[in-house]
Amino acid sequence: MGSLSLEHVRVSFGGLNALTDVSLTMGPAGILGLIGPNGAGKSTCINVMTGFQKASAGRVLLDGRAIGGPPAAFRHAGISRTFQAGRLFATLTVAENLAAAAIGMGLSRRAAATEADRVLDQTGIAQLAHEVAAVLPYTDQRRVAIARATVCQPKFLLLDEPAAGMSQQEAQGLADTIRTIRANEGPAVLLVEHQVGLVLSLCDEIAVLDRGRIIALDTPDAIARDEVVREAYLGTSGDAHQRKACA
Ligand SMILES: Nc1ncnc2c1ncn2[C@@H]1O[C@H](COP(=O)(O)OP(=O)(O)OP(=O)(O)O)[C@@H](O)[C@H]1O
């Protein structure tokens, strides 16, 4: 399996360091979780690893080689992502949303339709194929957004809070979708998520980010027991959302 890495990455927004010397590799662990309090820099990590944000210092490495350029260059190199907001084409059907992504990858209309059918089957959402995206329930929109990110079989799939706004039961359904995508040599997955229970149950390894730094990287069991991690979530300034994330 290949690897996608941040190497000593810093991202500054004016005087604020959103990331400070972050090194992180996805690939060896099939599903890598990335957790941390609000504003820790999780989405910024995804943005840098997918070309949506340039690093102020450091590099992104794909299989050990530096990669740069616009997001499309990352996508064509096999690096795909979802967004916190689904960003589906609201007036298109689910199948059309998937086909549009495939056309964006350079497939002909016919090949794109075939690819859309493959993804619909693989991700277990074939029954939604002809539904217009805008009228789908929220949880189905999230599943479609993930399915769309798997068009043309990326090697790396980065998911930005896919279970946001879902109940625990809905999140477990989503976990099944992610497991299905991973099975049979599917893409390596980076999962950014506040539902820590979901991260603990799904991930092979978990990194913890706090104020722009990786403060822990370990197995789910070790992370669950880690006092430093609990402190980062619950520390003196922990707000209700952070407390909920650790529950
Ligand atoms: N485009 C930007 N311009 C200025 N500041 C930004 C920008 N993007 C992110 N930041 C800041 O960088 C820090 C990290 O933000 P980021 O969205 O990566 O955190 P996060 O861990 O994903 O948070 P959350 O869990 O709330 O989504 C925050 O302080 C945020 O306000």
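Keep in mind it's a predicted model, so treat the numbers as computed, not measured.

> Looking at this structure, I do not really get the site of the ligand. What am I missing?
In the vicinity of the ligand lie 14 residues, with Gly39, Lys42, Ser43, Thr44 and His194 positioned nearest. A distance of 3.1 Å separates an oxygen atom of the ligand from a polar atom in the backbone of Ala40. Between the ligand and Glu161 there is a distance of 3.3 Å, counted from an oxygen atom to a side-chain nitrogen or oxygen. With the chains in place, 60% of the 640 Å² that the ligand exposes on its own is no longer accessible. Mapped onto the shell around the ligand, the elements with two or more residues apiece are β2 (16-26) and α1 (42-49). Examining the composition of the shell around the ligand, we find that three residues originate from one element, α1, more than from any other. Here the residues of the shell around the ligand are counted per class, giving five nonpolar, seven polar and two charged.

> Explain the domain arrangement of the protein here, please?
One frequent convention defines the size of an interface as the accessible area lost when the parts assemble. Examined at the domain level, the protein breaks down into domain 1 (1-78 + 155-175 + 192-239) and domain 2 (84-153). Inter-centroid distance (C-alpha atoms) of domain 1 to domain 2 is 25 Å. Of the residues lining the interface, 14 residues belong to domain 1; the matching set on domain 2 comes to 13 residues. The largest contributions to the domain 1 side of the interface with domain 2 come from Arg75, His76 and Leu157, which together make up 39% of the buried area. In this structure, the connection of domain 1 to domain 2 is made through seven residue pairs in polar contact (both at pLDDT 80 or more). Of all the secondary structure elements, the ones that give two or more residues to the side of domain 1 that touches domain 2 are α2 (71-76), β7 (156-160) and α6 (168-182).

> What should I look at first to understand the environment of Pro220 in this one?
Relative to the elements of secondary structure, Pro220 occurs in helix α8 (residues 220-225). Separated by 60 residues in the primary sequence, Pro220 and Asp160 place their C-alpha atoms 19 Å from one another. Every residue in contact with Pro220, bar those within four places of it in the chain, is listed here: Leu200, Cys203, Asp204, Glu205 and Ile206.

> Any chance you could explain the sheet that holds strand β9 (residues 205-210) here in plain terms?
The strands making up a sheet associate through hydrogen bonds between their backbones, and the pairing can be parallel or antiparallel. Taking strand neighbours across the sheet as the criterion, the six strands line up as β6-β7-β8-β3-β9-β10 in an open arrangement whose pairing is mixed. Two strands close off the open sheet at either side, each with one partner strand: β6 (79-81) and β10 (213-218). For this sheet, the mean inter-axis angle between neighbouring strands, taken without regard to orientation, is 20 degrees. Inspection of the sheet shows β7 paired to strand β8 (residues 188-192) by five bridges, in the parallel sense. Residue pairing for β8: Asp160 is matched across the bridge by Val192. Each of β3 (31-35), β7 and β8 is contacted by α6, which is oriented at about 155 degrees to β8, the strand it contacts most.

Thresholds, definitions, all that
- Residues numbered from 1 in each chain as written.
- Predicted model: local features only at pLDDT ≥ 70, side-chain atom pairs only at ≥ 80, totals over all residues.
- Heavy atoms only, no water.
- Near = heavy atom within 4 Å.
- Polar contact = N/O pair within 3.5 Å; in protein donor to acceptor, adjacent residues only side chain to side chain.
- Areas by Shrake-Rupley, 256 points an atom, 1.4 Å probe, with all protein chains shown as cover.
- Helix = DSSP H or I, 4+ residues; strand = E, 2+ residues; numbered from the N terminus.
- Nonpolar A, V, L, I, M, F, W, Y, C, P; charged D, E, K, R; others polar.
- Domains from an automatic or database assignment.
- Contact = heavy atoms within 4.5 Å.
- Buried area = accessible area lost by both parts, 1.4 Å probe.
- Pairing = 2+ DSSP bridges.
- Axes fitted to C-alpha atoms, helices over the stretch in contact; angles between N-to-C directions.

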